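# Tertiary structure, described
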Amino acid sequence: MDFQLTDDQRALRTGVRELLERCFPRTRLRAMVDMADGDGAERGAGLDRALWRGLGAAGLFALRVPESAGGVGLGLPEAVLAFEEAGRALLPGPLVATELTAGLSVPGALAAGEWAADAVRGEAVVTALDEGDALDERDAPVKEDALVEHLASADAVLVLGPTAVEVIAAEAVARSAEPIRSVDPATPLHRTAPYRTARCRTAQRRTAPERARPPVVPPGASEALGLAARLRREAALLTAAQQLGSACRTVELAVDHAKRRTQFGRPIGAFQAVQHLCAQMLVRAESARSVVYAAAVTEDPGDIAAAKLLADEAAVRNARDCLQVHGGMGFTWEADVHLHLKRAWVRAGQWQSAAAAEEELAAGLLSTVETCL
Amino acid sequence: MDLAFTQDEEDFRRRLRAWLADTLPKLPDRPHPADWPGRRAYDCGWQRMLHDAGYAGLHWPEDAGGQGATPTQHLIFLEETERAGAPYVGAGFVGLLHAGPTIAAEGTPEQRARWLPPILRGDEVWCQGFSEPDAGSDLASLRTRAVRDGDAYVVSGSKIWTSHAEIADWCELLVRTAPVNADTPKHRGISWLAMPMDAPGVTVRPLRTLAGTAEFAEVFLDEVRVPVTHRVGEENDGWRVTMVTLSFERGTAFVGEVVACRRVLEALARTAKANGRWDDAVLRRRLGRLAAECAALWRLTQWNVSEAQRTGGVPGVGGSVFKLRFSQVRQELYDAAAEVLGADALDAGQEWVADRLSSLSYTIAAGTSQIQRNIVAERILGLPKGR
């Protein structure tokens, strides 16, 4: 057993960090946030296509795609490390959905993968609609509504239904979706209604609009069940990885501030009350890290549920503590703290919620035959 | 990142499992917690069995009489013994996990030959004379004085919270050998001594814990003569000697208890299912969250152990992170248990109630949570020193 990062993994993480510092520096984040700070229906900045293509060219979406399909051929742990960096940098966009869709580009494995091939290169922006894995008695998704990020900028939507995995043109979902004023200025959100979405999708297939491409896996296909479950788990884990990156970044922001800011003639970091806030932030981040990394290795559903739960908590609570350490400055638009907190809230609502993760973990306690720590 | 075990590690686990399955049924009944001589005999008997089977001092270096096992093998050992319900290290705790490794790392060949074999065989029991009434977590403020008189130190003062003092043969004793003054920091004048507990002038007075049991004691030292040859490390260098081994304590000392946490949690879930409390979604989710915490504690342990393995033995600062989280989770676990068990929560005759009470010490012992947070803030995060 060697749970430490390999040299290659460390190099990858450093490489991604440097790439993001170059192509998405803080000035760009702030410019984007300020642009989005208007009002109107399309609140939230459009996605920067050049940035997206740059990320694609650098291989961010292709890390897990086999080399034979034009990818980098690495595994989930590497993707997790890259997404941790993305979370650290508050990189905007439907990163998880595009990465998952790129992973569907394996030749021959699926019916069609044109969106997937485009996703690999960063040519397509693919967002996601998670309809949940529960069906009602009419075989319709139980989930009342779902939020879709960056829908207006997206080319396609990865739809994970209870029994189907589809990648469909974004317009099909957009027709039945309504924009909301997203709490995160860098993550525009649309609210969808599943029944309407389902009808739109059926209509789309019947009329086969020119720009629509065939779904990756037709609804109802038996293999889709397993695929949907796997994609949901990976989505939760990659989202957790971003939360981890954000949680670690807010520790740094808090510590930097606590070292620089003086009050009563001393740096506030010398006050035990501030020290203990910072220490608890690190404990949260490191606890989350241990289980996020382990889940990346084991791909075990229980590990992933624990990872999402603790990473969500670390990102949200750390951002709040970071805000507290910043005092009045933390409550301003100029400090980045609120951006971490708002993004953490958005991610906490995506994929596996705290309630769902806790229920899954609780069920695991009863199903354990032998202690499987 | 690789959580798979090597063939060697798997073989080690298999052999250990087989030995445990064969050996544990032969153990005598556990003595009553208040029966100190009985507990000593039981714990030392178990240590002797481990010794004879080649598992004594597993993680100690071979030249100290240990098995030279890797940190991962040690982790497997702690995991498997806990899972099998084997006895806890008990009375051997200080000797095997602290005093022994300290002597192995810093002792002379004569000192190693005198003290290490009896620890490994379960012949001699050690206790820890670190804390003092006026110096708890502020260990360096200790006042017990040792004055050189010929070939001996004359020691006077008192120690407190000394676990196993009543049944110990030796005490790893921190004493002040140089006075505190403005020029030298207070931790610079401390020395590490091995003191025989039967020496004239040593008085042990048991303290009753809030659990009603006598787990630790006050030790009064009245002009106790300790030979200079019993000093491990240089005079006035005892602080560094101690720090070498304190990090071990925080690294793997709680592995068995993390495994136990998961076992308790599963038992709670089954109990809740049986008594109907499982239908309470709030309680159910609380248990689910604790499962996540247990998973994180286990992964943190694996992380710390593999870091120790890579850096050559001493666990890193991750120990403080682990201890903070562990001590909190352990208490939350028993709070949840109280809710699952209802009226039984007030029945002090129940074994888990005793466990609940003893878990209250976890945020205090081996450095309070507040001190651990100071360590994390100042040593890991590099925040300016507080006052």
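The model shown is predicted, which means the values in this text are computed figures rather than measured ones.

## Observations concerning the sheet that holds strand 5 (residues 177–180) of chain A
All names here are of chain A. Sheet architecture is open: 3 strands sit in the order 2-6-5, paired in antiparallel fashion. Across the chains shown, the open sheet's two edge strands, defined by having one partner strand only, are strand 2 (146–149) and strand 5. Taken over all neighbouring pairs, the strand axes of this sheet differ in orientation by 35° on average, direction set aside. Here strand 2 pairs with strand 6 (residues 189–192) via 4 bridges, running antiparallel. Its bridge partner lying in strand 6, Leu147 is registered against Arg191.

## Overview of the side chain of Glu132(B)
Mapped onto the secondary structure, Glu132(B) falls in the loop between strand 1 (126–129) and strand 2 (145–149). Other than its neighbours up to four places away in sequence, Glu132(B) contacts Leu142(B), Arg143(B), Thr144(B), Ser158(B), Lys159(B), Ile160(B) and Leu174(B).

## Some points on the pairing of strand 4 (residues 165–169) of chain A
All names here are of chain A. By the criterion of burial, strand 4 is predominantly enclosed, with 5 of the 5 residues buried. Strand direction decides the pairing type here: strand 3 (residues 156–160) and strand 4, joined by 5 bridges, are antiparallel. The residue of strand 4 that forms the bridge with Val157 is Ile168. Between strand 3 and strand 4, which follow one another and run antiparallel, lie 4 residues.

## Observations concerning the side chain of Asp336(A)
Residue and element names in this part refer to chain A. Looking at where Asp336 falls in the secondary structure, it is placed in the loop between helix 11 (301–326) and helix 12 (337–348). Relative accessible area serves as the criterion here: at 14%, Asp336 is assigned to the buried category. Among the polar contacts listed, one links the side chain of Asp336 to the side chain of Arg26, at a separation of 2.5 Å.

## Some thoughts on the environment of Ser176(A)
Residue and element names in this part refer to chain A. By the element assignment, Ser176 lies in the loop between helix 7 (170–174) and strand 5. Note on Ser176: relative accessible area 2%, which makes it buried. Spatially, the C-alpha atom of Ser176 lies 8.7 Å from that of Arg191, the residues being 15 residues apart in sequence.

## Quick notes on the packing of aromatic side chains
All names here are of chain B. Enumeration according to the criterion identifies 16 aromatic pairs over all chains in this entry. Ring geometry for Trp126 versus Trp170: centroids 5.9 Å apart, planes at 25°, classification stacked. Of the two residues, Trp126 is situated in strand 1 and Trp170 in strand 4 (residues 170–176); the sequence distance between them amounts to 44 residues. Just as Trp126 is buried, Trp170 falls in that class too. An aromatic cluster of at least three residues, connected via ring pairs, comprises Phe12, Trp19, Trp46, Tyr55 and Phe77. In this arrangement the basic side chain of Arg39 is found over the ring face of Trp36, its NZ or CZ atom lying 4.3 Å from the centre. The ring centre of Tyr153 lies 5.7 Å from the NZ or CZ of Arg148, which sits over that ring.

## Re the UniProt feature "domain: Acyl-CoA oxidase/dehydrogenase middle" (unreviewed entry) in chain B
Annotation from UniProt places "domain: Acyl-CoA oxidase/dehydrogenase middle" (unreviewed entry) at residues 127–223 of chain B. Here residues 127–223 of chain B is 0% helix and 49% strand, with 19 Å between the C-alpha atoms at its ends.

## Section: the pattern of salt bridges
Enumeration over the complete set of coordinates arrives at 55 salt bridges over all chains. Residues Glu85(A) and Arg88(A) are paired through a salt bridge, measuring 3.8 Å at the closest nitrogen-oxygen approach. You can see Glu85(A) and its partner Arg88(A) sitting in helix 4 (residues 76–88), 3 residues apart, about one turn around the helix. For the pair shown, Glu85(A) and Arg88(A) are each scored as buried. Among the ionic pairs, Lys159(B) bridges to Glu132(B), the shortest N-O distance being 2.8 Å. Highlighted residues: Lys159(B) in strand 3 (residues 152–163) and Glu132(B) in the loop between strand 1 and strand 2, separated in sequence by 27 residues. Of the two residues, Lys159(B) and Glu132(B), neither departs from the other in class, the shared state being buried.

Conventions adopted
Residues numbered from 1 in each chain as written. Chains lettered and ligands numbered in written order. Predicted model: local features only at pLDDT ≥ 70, side-chain atom pairs only at ≥ 80, totals over all residues. Heavy atoms only, no water. Pairing = 2+ DSSP bridges. Helix = DSSP H or I, 4+ residues; strand = E, 2+ residues; numbered from the N terminus. Axes fitted to C-alpha atoms, helices over the stretch in contact; angles between N-to-C directions. Contact = heavy atoms within 4.5 Å. Buried < 20%, exposed > 50% of the residue type's maximum accessible area, 1.4 Å probe, protein only. Polar contact = N/O pair within 3.5 Å; in protein donor to acceptor, adjacent residues only side chain to side chain. Phe/Tyr/Trp six-rings, centres within 6.5 Å; stacked < 30°, edge-to-face > 60°. Lys NZ or Arg CZ within 6 Å of the ring centre and 35° of its normal. UniProt positions renumbered as here; feature names shortened; annotations may be inferred. Salt bridge = Lys/Arg side-chain N within 4 Å of Asp/Glu carboxyl O.

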